Each structure stands twice: as structure tokens, then as C-alpha cells.
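One letter stands for each residue in the lines below.
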Amino acid sequence: MMATMLTACNNQNTTPVADEFNYADEHFADLQMLRYRVHGFEDLSLKQKELVYYLSEAALEGRDILFDQNGKYNLTIRKMLEIVYTDYQGDKTDSNFVNMVTYLKRVWFSNGIHHHYGCEKFVPGFTEEFFRSALHGVGVEKLPLADGQTVDQLCDEVFPVIFDPAVMPKRVNQADGEDLILTSACNYYDGVTQQEAEDFYLKMKDINDPHPVMYGMNSRLVKENGCIQEKVWKIGGLYSPAIEKIVGWLEKAMAVAENDQQKAVIEKLIQFYKDGDLKTFDEYAITWVKDLDSRVDFVNCFTESYGDPLGMKASWESIVNFKDLDATKRTETISRNAQWFEDHSPVDGRFKKEMVKGVSAKVITAAILGGDLYPSTAIGINLPNSNWIRSVHGSKSVTIGNLTDAYSKAARGNGFAQEFVISPTEIGWMETYGDLTDNLHTDLHECLGHGSGKLLPGVDPDTLKAYGSTIEEARADLFGLYYLADDKLVELGLTPNKEAYKAQYYSYMMNGLMTQLVRIELGSNIEEAHMRNRALIARWVMEKGAADNVVEFVKKEGKTYVQVNDYQKLRELFGQLLAEIQRIKSEGDFVAAREIVEKYAVKIDPELHAEVLERYKKLNLAPYKGFINPVYKAVADAEGNIIDVTIDYTEGYAEQMLRYSKEYANLPYRN
Ligand code: ZN
């Protein structure tokens, strides 16, 4: 499925100046908290701000749903930890308490007790004895006790889930051959085996239906009294208290919708939350895909299926956003000139499109993140998930500009560039032009690169098989690289001068030849298509330019650096490789595809790899990042009319999480 995805592949970690704003001074376990700025919020109309405000509230009201979906004890455990965190009377410098705080911060981050990415259960760094005695020390009335339960009984019930590594070890188990439902801790099934669940849905499906709904997407499948049935998430069903709150805000949002189409979207969504009917959901999705003119847009529903080992049940998530008009102008300028770029590309005329149409990708600004997009988030979204809706009605594809921006700013000042970039000259280029040329390269790649060129008549698009996606990504990247250095970009006002492209050229070569290896374990090959494509391009041009010493490795004090000696020749080499890659694609030359990928894109020099990993490790960077939301406040006049919506960025991580747990505590501990 093509749900939301984190395209971290564009994050090349290169620019070196710190931006204090981004850091939230929170770095724990393998996590780093960042902030994002909602550029342009002030310029929205009052009505649009009001709309964002209501949708933001709706985005936060569903938080407990995700905690419960991720595991049936998560809400109870979160509450127990939070009470000790706020009410503990003992020594707060004691290592048990300190480690419990880290554990709680990880639970908040992952919306449960399992790692948000790896799915494995956290290992608590505090003892059962400490936690039991701490729970006895706080007010009993505040604890999430079941009816008639004592504190000790609560501990006996829940402690194995926290402390016993054998209990619920994985949120989602994908190990082939095991019962994936019984061995997964996620709360999408209760009392049913994998076989029973598969049979249940197989019976429901009609393979001849051209418009199949996404079966099972909005329910928990349970066996009660020997009978297997769905408990649907809707008003009057499971998670009703949270959904009622969401709908309450959506109704307010509907009243200030920008236009009829957007109003219809919100109306359909409300209807779906009320009736739980998956046909209604499809109608909603179709209406949403067609809403292209509104400035403000949002997702608020059961969306991602990665949390279900069978890939059917959808986790709840929300994002509210508005179109970034300036950045979207950039993509529109590129798209408008698509034919010029096609006509002037260095590929053989036989492989060019006579009529090329640029894809206009929308750039958006995130205003709030909720559910499965918070605090760990995607930077690109492509929805809806339904295959038939995608093919008949299309999908919306967006990149989230202010989050990409926050990631790249956070990468500044973390020591990465100082460690790996060869000299202050290159660092200076990246500092000045890094973000701009990085975004521009992505735009050229997405808006033009993938859409350029054509296959010769009779060539099967699948001929390149396993090498197809690496070749395709290389083609799009090379199209972007080649044109980044073109005077046309200066003429169109997309780059400020004839030097800016060097920032991207240097960082691309450094990444492809060296620094992208930090994501790979020593001894492994390069597997992922985007990484293969980058290695392919960087190594090919290095080899072909060797006679002229275009790019070389330089050793300084035992460390390896990439040095680019001739930027114009480098551009010519990108052009030559683009022509060859386009030929391979257009002719469906499988043998050449295999040869070039296997030769340049797969193997890693173990010595260089070990050196890069060692240097990276010393920087002590957190591999995972997440975001603290801004806080919106509605300012009302004496009659209760909203006259302004303010935005504040000062809330801390724990402060925000505790506030959410209090203000949006919409579900019982046990659902
Ligand atoms: Zn691509």
C-alpha cells in the first residue's frame, strides 16, 4: 500500500549551522525531539485560521484511540507511569526514577510500550519493587484501577506486560510460520487465531467486485461466546467517546469550510464516523481526492495498516495542513516549462516525449500532527489507500515543506558536516544554498524526472525486473542533477546564480560515495533502491571522470574525504549517464541494467565502510526524530465569536504529553 511514507532518503545531513528553534532540548534513548514552524499561519484569513483550529482539536482528540490500538494495556500503563512521574515523593535523582522517566518518554513517543519503528517491547531500566512501592505512595483514587481492584492486584495484572520479556514481546510480529495474530501485541484482534481471521475476511470478499471496500479496516475482530464478530469503531461502537469528540470539532469545522467541496468532505467523514460503513468511507475518500482548490486540507481517520500483521486494520491518524503557495509556485514554474526541459535533455531524440506534461506536486505546511503521525511523522503523504479509488479517481501526493525544513535545520550544527565535508568552502555553499538546491533537486526529480522520456514501441515496462526501480530512480535523479547546473534555472529565477548548484553536487557525491553508508550495517550490501541509485551515479561518474580527476577521494589525517575538482565536467558526466540510463530504460536492456547496477550500486568497500561508521558513531546522533506540536489558542470576543487564533511554540515535550493525557483523555483505560 501507498500510505504515508517517510522519505528520509532526501535527508542528506549536510548543512552545518545550528538553528536553536528546532531543538526542543530533548534527547532520550534513540530519540530526538524537534519543533516545526508553521510558516504562513499568520497570513491565513480569520476563517481559515478558525478552520485550522477546529481541525487541530479534532486531530488531538483521537490520541487515546491509537494508544489502545497499539496494545490493550497501553492506556493503563501510561496512566500508572504518569502518576508516578507527577506525584512521586521520593528521591527524583534515584536511577530507578530517572530510568522510569525515560521509559515514560519512550511510551509517549511510541504511543505504547513497543518501539514505534522496530516494534519490540521496551526494556524497563527500573525495578518492579521500585514501581510497586511508588504506586503505593501516590493517591489511590488517581490510579487506573478496575472495579474493586487493589493497587497490588493492579500491579499483578499489569507488571508482566511491562517487565516480563516473554509477554507481548512484539507489537507486530512478521516471522514467517508463526500465528501472526496470537504473537502480535497490537489490539486489533481478541481471542481469534490468524486462520480464523483470514477465513472471516475471505468469506466477506467478493473477488468480482470492481469497487471493493477495505474490509476490516475500522474494527477489532473478536471471539465472544464462540462467535467471531467485528466491533466497529464508530459512534455508538468501540472508541465512541473519542469519536464523538472528533465529530464535535468536525461539525464546527464544517461551518467555516472554505467551499462546498471541502464542506462535503467533512460531511462525509462525519457520516462515516457515525455509520461505520466502509462504502461511506470510500465516498469520503473520493470526495477528498477531488478537493483540490481549498487552501486548508486534512487527514483525520483510520489510515495506516502497518500496525496489523495482516495489513487490514488501520491505525488512527491526523494531520492538518495548508498549501505553501511560494513553494508550490516553484513546482508550477518547473511544470510549466516541462517541454523545454524535455527538448534540451542530453538523451537520444528517439527516447524523448513529443508532448510532456509536468506533474504539479503540492507543497504543504503542517499545522498539527496527531495519532499515528505524532510525534514521529511522515514528510510526504500519498492517499487514499484504496487501489480502485487510486486508479479511477487518482490520489493526492504532497510533500510537507516545513517538516523537511525542520529535519534539515536539525541536521545543521550536529557535527556531521564538520566531520565529513572536505573544507569550509563546500560547507559555505551548503550553508547558503543547501536547502534551496536540495528542494529543487527533489522537485525536478518528482515533477519532471519520472515523467520524462518514453519507452520504444513494444518494450514491456517490467523488463528490467528487480533492477527497474534503481534504474528509474537514477533516471529521475540524473535529470534533476543535470538541470540543476543549467542557466535556465537562473533565468527562471529558481536558482539565484551560477554557483548555487555546487552545494547539491558536492553533497550528492559525498552522500553517494560515502556518507549514506552510515545507514548500513558492516558486512551488508546496499539493498534499497534509492541508495543503490545514489551509489550508482556517484561511483559511475567518479570512475568515468578519473582520467581528468573530476572527483577523487582525499586522505587527511587518516580520514577519507570526497573532493570535486571540476564541476562543469561533473555535470557533463551526469548528462552522459542520463543518456545511457534513459537508453537502458527505453530499450528495456535488462543485461545492461543488471551490469551497471551490480557493478556500481551494490557492493561496499569494507574498509571505507568501517571508517565511515566509526566516525559517525562518535557524533552520537539520535537515529529517530519526532516533533512537538505548536499550541493554538482561539481568542473570542464577549459574544464568544472567535476574533483570532494565536500560535505558540514554547510548550515542552513532557508538558505537552501530560496536557494531552489530561485534556484529551477520551477513552476508558480498558476498551
Ligand atoms: Zn523517485
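Values in this document were obtained by computation on a predicted structure and should not be read as measured data.

Rules and cut-offs
Sequence order as written defines residue numbering, which begins from 1 separately in each chain. Where totals are concerned, whole chains, interfaces and linings use all residues; where local detail is concerned, this predicted model gives features only for residues with pLDDT of at least 70, and gives and counts side-chain atom pairs only at 80 or more. To obtain the side-chain values, all non-hydrogen atoms of the structure were used and water was disregarded. Secondary structure elements follow DSSP: runs of H or I of four or more residues count as helices, runs of E of two or more count as strands, with numbering from the N terminus. Computation of the radius of gyration draws on C-alpha atoms, with the globule rule given as 2.2 Å multiplied by the number of residues to the power 0.38. Per-residue accessibility, obtained with a 1.4 Å probe over protein chains only, is compared with the maximum for each type, and a residue is labelled buried under 20%, exposed over 50%, and partly exposed between these values. Any two residues whose heavy atoms approach within 4.5 Å at even a single point are treated as in contact. Only the protein chains shown count as cover for residues, and all accessible areas are computed by the Shrake-Rupley method using a 1.4 Å probe. By the counting scheme adopted, Arg and Lys are positive, Glu and Asp are negative, and His together with the chain ends is not counted. Charged groups are reduced to one reference atom each: NZ for lysine, CZ for arginine, CG for aspartic acid, CD for glutamic acid. Strand pairing is defined by DSSP finding a minimum of two bridges between the two strands. Axis definition: a line fitted to C-alpha atoms, limited for helices to the stretch in contact. Angles are taken between N-to-C directions and run from 0 to 180 degrees. Here the coordinating atoms are restricted to nitrogen, oxygen and sulfur within 2.8 Å of the metal centre, or 3.2 Å for Na, K and Ca, and because water is not among them the sites may look incomplete. Here, expected helix span is obtained from the residue count minus one, scaled by 1.5 Å. We call two N or O atoms a polar contact when they sit within 3.5 Å, provided that within protein one can donate a hydrogen and the other can accept it, with sequence-adjacent residues counted only if both atoms are side-chain atoms. Small angles under 35 degrees read as roughly parallel and large ones over 145 as roughly antiparallel, with 65 to 115 read as roughly perpendicular and the rest as oblique. Only Asp, Glu, Lys and Arg are considered charged, only Ala, Val, Leu, Ile, Met, Phe, Trp, Tyr, Cys and Pro nonpolar, and every remaining residue, Gly among them, polar. Buriedness of a pocket was judged along seven lines, with at least five required to meet protein on both sides within 12 Å; pockets are open sets of points on a 1 Å grid over the protein atoms alone, cavities are sets where a 1.4 Å probe fits but cannot get out, and lining residues have an atom within 4 Å of a point. Grid points are joined across faces, edges and corners, and a volume is the space filled by probe spheres set on the points. The hand of a helix crossing depends on one turn: near helix anticlockwise from the far one by less than a right angle means left-handed, and clockwise means right-handed. Salt bridges are defined by distance alone: a side-chain nitrogen of Lys or Arg within 4 Å of a carboxyl oxygen of Asp or Glu.

(A) Seen up close, the overall build of the protein chain. When helices and strands are counted, the protein chain shows 24 helices and 15 strands. Here the protein chain has a C-alpha radius of gyration of 26 Å; the compact-globule value for 671 residues is 26 Å, and the two agree. A buried classification covers 57% of the 671 residues belonging to the protein chain. Sequence separation of 24 or more characterises 74% of the internal contacts of the protein chain that already satisfy a separation of 6 or more. Within the structure as shown, the protein chain displays about 27700 Å² of accessible surface, and the carbon and sulfur contribution to it stands at 50%. Treating the 73 positive side-chain charges of the protein chain as one cloud and the 101 negative ones as another, the clouds have centres 2 Å apart.

(B) Focus on the sheet that holds strand β6 (residues 296-304). Sheet architecture is open: five strands sit in the order β6-β7-β8-β10-β9, paired in mixed fashion. The sheet is open, and its two borders are formed by β6 and β9 (380-383), each paired with just one other strand. Each strand of the sheet is rotated relative to its neighbour by a mean of 35°, with strand direction disregarded. Here strand β8 (residues 362-371) pairs with strand β10 (residues 396-400) via three bridges, running parallel. The residue bridging Ile364 from the neighbouring strand is Ile400, located in β10.

(C) Representation of the coordination of the zinc ion in the model. All of the protein donors around the zinc ion are His445 (NE2), His450 (NE2) and Glu473 (OE); their distances to the metal are 2.1 to 2.2 Å. For the zinc ion, the single-chain donor residues occur in sequence as H-x4-H-x22-E. With His450 in the loop between α16 (424-449) and α17 (468-484) and Glu473 in helix α17, this pair connects stretches of sequence that are 23 residues apart. Note on His450: relative accessible area 27%, which makes it partly exposed.

(D) The arrangement of the sheet that holds strand β5 (residues 227-232) in detail. Taken together, the three strands give an open sheet; going across it, the order is β3-β4-β5, and neighbouring strands pair in mixed fashion. Sheet topology places β3 (189-190) and β5 at the edges, where each strand pairs with a single neighbour. On the sheet, helix α7 (residues 194-204) packs against β3, β4 (219-224) and β5 and is oriented at approximately 75° with respect to β5.

(E) Quick look at helix α4 (residues 95-110). Taking 1.5 Å per residue, 16 residues should reach 22 Å; α4 reaches 22 Å between its end C-alpha atoms and fits that length. In terms of burial, α4 is largely enclosed, as 12 of its 16 residues are buried. Between the side-chain oxygen of the N-cap and the backbone nitrogen of Asn96 there are 3.0 Å, and the N-cap of α4 in question is Asp94. Directly after α4, the chain includes Asn111, whose backbone phi takes a positive value near 55°.

(F) View of the packing of helix α19 (residues 501-513) against helix α20 (residues 529-544). It is the contact of α19 with α20, at a shortest axis distance of 8 Å, that shows an interaxial angle of 105°. In this view, α19 runs roughly perpendicular relative to α20, as classed from their interaxial angle. When α19 is examined against α20, the residues Tyr508, Met509, Asn511, Gly512 and Leu513 are found in contact with a partner set consisting of Asn533, Arg534, Ala535, Ile537, Ala538, Arg539, Val541 and Met542. Residues belonging to the contact of α19 with α20 are distributed by class as follows: eight nonpolar, three polar and two charged.

(G) Region of the structure containing helix α8 (residues 240-255). For α8, which comprises 16 residues, the first-to-last C-alpha distance of 23 Å matches the rise-based estimate of 22 Å (1.5 Å per residue) to within 8%. Those residues of α8 that fall on the buried side of the exposure criterion are Ser240, Ala242, Ile243, Ile246, Val247, Trp249, Leu250, Ala253 and Met254. Buried residues belonging to α8 abut α1 (46-60), α2 (63-70), α9 (260-275), β6 and β7 (315-323).

(H) Local environment of empty space enclosed by the protein. One pass over the full model with this rule turns up five cavities of 30 Å³ or more. What the largest cavity holds in volume is close to 80 Å³. Contributing elements (two or more residues each) for the lining of the largest cavity: β6, β8 and β10. Per-element tally for the lining of the largest cavity: the top contributor is β6, with three residues. Classifying every residue of the lining of the largest cavity by side-chain character gives six nonpolar, one polar and three charged.

(I) How the structure looks around the packing of α9 against helix α10 (residues 278-290). It is the contact of α9 with α10, at a shortest axis distance of 9 Å, that shows an interaxial angle of 160°. Considered as vectors, α9 and α10 are oriented roughly antiparallel to each other. Crossing geometry of α9 relative to α10 is assigned as left-handed. Contacts between α9 and α10 involve Gln261, Ala264, Val265, Lys268, Leu269, Gln271, Phe272 and Asp275 from the first element and Leu278, Thr280, Phe281, Glu283, Tyr284, Thr287, Trp288 and Lys290 from the second. Of the residues contributing to the contact of α9 with α10, the split by class is eight nonpolar, four polar and four charged.

(J) Quick peek at the environment of Glu521. Relative to the assigned elements, Glu521 resides in the loop between α19 and α20. Note: C-alpha distance between Glu521 and Glu557 (36 residues apart in sequence) is 25 Å.

(K) Structural view of the pattern of salt bridges. Taken as a whole and judged by the stated rule, the model has 38 salt bridges. Across the pair Glu472 and Lys585 runs a salt bridge, and its minimum N-O distance is 2.8 Å. Of this pair, Glu472 sits in helix α17 while Lys585 sits in helix α21 (residues 567-587), and the two are 113 residues apart along the sequence. Here Glu472 falls in the buried class, since its relative accessible area comes to 14%. Assessed through its relative accessible area of 22%, Lys585 is described here as partly exposed. Across the pair Lys569 and Asp566 runs a salt bridge, and its minimum N-O distance is 3.6 Å. Under the relative-accessibility criterion, Asp566 is labelled partly exposed at 23%. One salt-bridge network, in which partners are shared between bridges, spans Asp348, Arg350, Glu580, Arg583, Glu587 and Asp589.

(L) Representation of unusual backbone geometry within the structure. In this chain, Tyr374 is followed by Pro375 through a cis amide linkage whose omega measures -5°. One non-glycine residue, Met168, lies in positive phi territory at about 45°. Secondary-structure assignment places Met168 in the loop between α6 (151-163) and β3. A relative accessible area of 23% places Met168 in the partly exposed class. The phi dihedral of Asn225 is positive, around 50°, even though this residue is not glycine. Mapping Asn225 onto the fold places it in the loop between β4 and β5.

So, to be careful, I would describe these as geometric facts and stop short of saying anything about function.
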